[in-house]
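Coordinate inspection notes
The primary structure of each chain is shown beneath.
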Amino acid sequence: MSKNYYTYILTHQRNHIFYVGVTNNIERRMSEHKLATFGTHVGRYNIKKLVYFEEHSDIRVAIRREKTIKKWKNNGRLTK
């Protein structure tokens, strides 16, 4: 049985703070983010809106995409 992995991007209401992550269960992970407390990055900045995700069959590819997207963010490419 093949497993799927997801690279995803979350943001908050004004779309200028982003969170990039990888998971093997997108529904569960989104539920966890929605329940995040103020003590976490996602909870503190209310980053709960899923704006993008992509599916991969190989975890290494999903992680590589996450790292690539995070580099975009640091170079100002992942901004509104």
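This text goes with the structure placed above it.
In this report, the structure presented in the accompanying data block is examined. Predicted model only: the values in this text are computed from it and were never measured. (Residues numbered from 1 in each chain as written. Predicted model: local features only at pLDDT ≥ 70, side-chain atom pairs only at ≥ 80, totals over all residues. Heavy atoms only, no water.)

Thoughts on the overall build of the protein
Across its full length, the protein carries three helices and three strands. Overall, the protein shows an N-to-C arrangement of helices and strands of β-β-α-α-β-α. Once local pairs closer than 6 in sequence are excluded, the contacts in the protein between residues at least 24 apart make up 55%. Entry remark: accessible area of the protein is about 5,600 Å², with carbon and sulfur atoms responsible for 51%. (Helix = DSSP H or I, 4+ residues; strand = E, 2+ residues; numbered from the N terminus. Contact = heavy atoms within 4.5 Å. Areas by Shrake-Rupley, 256 points an atom, 1.4 Å probe, with all protein chains shown as cover.)

Considerations on the nonpolar core
Counting residues in each nonpolar core, the largest one holds eight residues, listed as Tyr 6, Tyr 8, Leu 10, Ile 26, Met 30, Ala 36, Val 42 and Ile 47. Mapped onto this core, the elements with two or more residues apiece are strand E1 (5-11) and helix H1 (26-34). Filtering out sequence-adjacent residues up to four positions away, Tyr 8 remains in contact with Tyr 19, Val 20, Gly 21, Val 22, Thr 23, Ile 26, Arg 29, Met 30, His 33, Leu 50, Tyr 52 and Phe 53. (Core = buried A, V, L, I, M, F, W, Y, C linked by side-chain atoms within 4.5 Å. Buried < 20%, exposed > 50% of the residue type's maximum accessible area, 1.4 Å probe, protein only.)

Focus: the sheet that holds E1
One open sheet accounts for three strands, arranged E2-E1-E3; its pairing is antiparallel. Each end of this open sheet is capped by a strand with a single partner; those strands are strand E2 (18-23) and strand E3 (49-56). Neighbour to neighbour, the strand axes of the sheet diverge by 15° on average, direction disregarded. Bridge count for E1 against E3 is seven bridges, and the pairing is antiparallel. (Pairing = 2+ DSSP bridges. Axes fitted to C-alpha atoms, helices over the stretch in contact; angles between N-to-C directions.)

Quick notes on the pairing of E2
Looking at chain direction, E1 and E2 are connected through six bridges and run antiparallel. Residue pairing across strands places Thr 11 opposite Phe 18, the latter belonging to E2. Hairpin remark: E1 followed by E2, antiparallel, with six residues in the connecting loop; positive phi at Asn 15, about 60°.

Let's talk about the pattern of salt bridges
With the rule as written, the count across this model stands at five salt bridges. Through salt bridges with shared partners, a single network forms among Arg 28, Arg 29 and Glu 32. (Salt bridge = Lys/Arg side-chain N within 4 Å of Asp/Glu carboxyl O.)

A word on the environment of Gly 43
Residue position: Gly 43 is located in helix H2 (residues 41-44). Given the relative accessible area of 15%, Gly 43 is considered buried. It is 7.5 Å that separates the C-alpha atoms of Gly 43 and His 33, two residues lying ten residues apart in sequence.

Here's the deal with the packing of aromatic side chains
Applying the stated criterion across every chain, the model contains two aromatic pairs. With a centroid separation of 6.2 Å and 35° between ring planes, the pair formed by Tyr 8 and Tyr 19 is classed as tilted. Taken together, the residues span a long stretch of sequence, with Tyr 8 in strand E1 and Tyr 19 in strand E2 at a distance of eleven residues. Residue Tyr 8 is classed as buried on the basis of its relative accessible area of 0%. For Tyr 19, a relative accessible area of 22% gives the class partly exposed. (Phe/Tyr/Trp six-rings, centres within 6.5 Å; stacked < 30°, edge-to-face > 60°.)

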